[in-house]
Amino acid sequence: QKEVEQDPGPLSVPEGAIVSLNCTYSNSAFQYFMWYRQYSRKGPELLMYTYSSGNKEDGRFTAQVDKSSKYISLFIRDSQPSDSATYLCALANAGGTSYGKLTFGQGTILTVHP
Amino acid sequence: EAGVVQSPRYKIIEKKQPVAFWCNPISGHNTLYWYLQNLGQGPELLIRYENEEAVDDSQLPKDRFSAERLKGVDSTLKIQPAELGDSAVYLCASSLSRSGELFFGEGSRLTVL
C-alpha cells in the first residue's frame, strides 16, 4: 500500500463548477500538507500549504485537512478553464532524517471545459 | 527573481549512453532536490542536498546514478549507463527551508531508445 493515495481521475467538469480533489495517507508522521498544480510539460507549483487540521482558504481555493481520518482535500470554487492541470497532494514529515522530504500522490488530472 | 533553471529541457539518447542534467536553484536557497517523475505519477525524491551535503540519497540508484553539488549552488545529476526504464522527467527543486515549500524547475525530459 502506498503511503499516499490519490485518485488519478481524469476529472472533467464544466466551467463554474465546484471541484473536490482528495488524498488519503497512512503515515501519521506527516505534519505538513500541500497541494501542487502542474501544467502540461511544466514543473509543479505550490498552491496551498498547511500544517494543521482544519480549513485554509486562498481565493477560490480551500485546503482541508482531517488528521484523525488521514484525509486531505482541495476545493476549487468557480472553476475556470485555466484551472485545467494535474493536481498533486504532497505530505512531509516534521522531524528526523525525513524532515522536509515530500511524498507525493499520483496526481489528479482535471479538465475544466467552457 | 529567476526561478529554478534546468537544462537540457529534452534529451534523447540510445540505451547504455551516459546523460547529465544540470540545475541552477533560486539564489539563496540552500536546499536542493532532484525528483524523478514517471508518466502519470507523482514526483519521487532521488536526492536532497543541504548546501554541499547529500542528506538523503536513499532512493538514488547508486549503481548508475550519481549527483554532485559543488560549492553548494548548482547541481548535476548523471546517469551512466542509461537504461530504457530511465525514460522520465527529472525535476530539480530548491527551498529556503525544509518544510515543503519547494520551487520546481520545468524539468528535463529524458527518452532512452
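Look up a bit, the structure's there.
The rules behind each value
Residues numbered from 1 in each chain as written. Chains lettered and ligands numbered in written order. Predicted model: local features only at pLDDT ≥ 70, side-chain atom pairs only at ≥ 80, totals over all residues. Heavy atoms only, no water. Pairing = 2+ DSSP bridges. Helix = DSSP H or I, 4+ residues; strand = E, 2+ residues; numbered from the N terminus. Axes fitted to C-alpha atoms, helices over the stretch in contact; angles between N-to-C directions. Contact = heavy atoms within 4.5 Å. Buried area = accessible area lost by both parts, 1.4 Å probe. Salt bridge = Lys/Arg side-chain N within 4 Å of Asp/Glu carboxyl O. Polar contact = N/O pair within 3.5 Å; in protein donor to acceptor, adjacent residues only side chain to side chain. Nonpolar A, V, L, I, M, F, W, Y, C, P; charged D, E, K, R; others polar. 1 Å grid on protein atoms, 1.4 Å probe; cavity = no way out; pocket = protein on both sides within 12 Å on 5 of 7 lines; lining within 4 Å. Points joined across faces, edges and corners; volume = space filled by probe spheres on them.

Novice: Would you mind showing me how to read the sheet that holds strand β3 (residues 19-25) of chain A here?
Specialist: Two pairing modes exist for strands in a sheet, parallel and antiparallel, and in both the strands are linked by backbone hydrogen bonds. All names here are of chain A. If you trace the 5 strands from one edge of the open sheet to the other, you get β1-β3-β8-β7-β6, paired in antiparallel fashion. Because the sheet does not close on itself, it has two edges, and the strands there are β1 (4-6) and β6 (54-58). On average, adjacent strands in this sheet sit at an angle of 15 degrees to one another, irrespective of strand direction. Pairing between β3 and strand β8 (residues 71-76): 6 bridges, direction antiparallel. Opposite L21, over in β8, you have L74 as the bridge partner.

Novice: Please clarify how the interface of chain B and chain A should be interpreted in this entry.
Specialist: In this complex, chain B contributes 22 residues to the contact, which on the side of chain A involves 21 residues. Surface buried jointly by chain B and chain A totals about 1800 Å² across both partners, of which 48% is contributed by carbon and sulfur atoms. Scanning the region where chain B abuts chain A turns up 1 salt bridge. Note that E106(B) is salt-bridged to K42(A), the shortest N-O span being 2.7 Å. One can count 6 residue pairs in polar contact (both at pLDDT 80 or more) joining chain B with chain A. For the side of chain B that touches chain A, the element with the highest residue contribution is strand β4 (residues 31-37) of chain B, accounting for 3 residues. When the residues that make up the side of chain B that touches chain A are grouped by side-chain class, the tally is 8 nonpolar, 7 polar and 7 charged.

Novice: So what exactly am I meant to see when it comes to the layout of surface pockets here?
Specialist: Picture a little ball the size of a water molecule; that probe, rolled over the atoms, points out where space is still empty. Each pocket or cavity is described by its volume, and for the largest pocket that value is around 510 Å³. Q38(A), Q37(B), L39(B), G40(B) and R109(B) are the residues nearest the centre of the largest pocket, which is lined by 26 residues in total. Residue contributions to the lining of the largest pocket peak at 3 residues, all from strand β11 (residues 108-112) of chain B. Considered class by class, the residues forming the lining of the largest pocket number 9 nonpolar, 12 polar and 5 charged.

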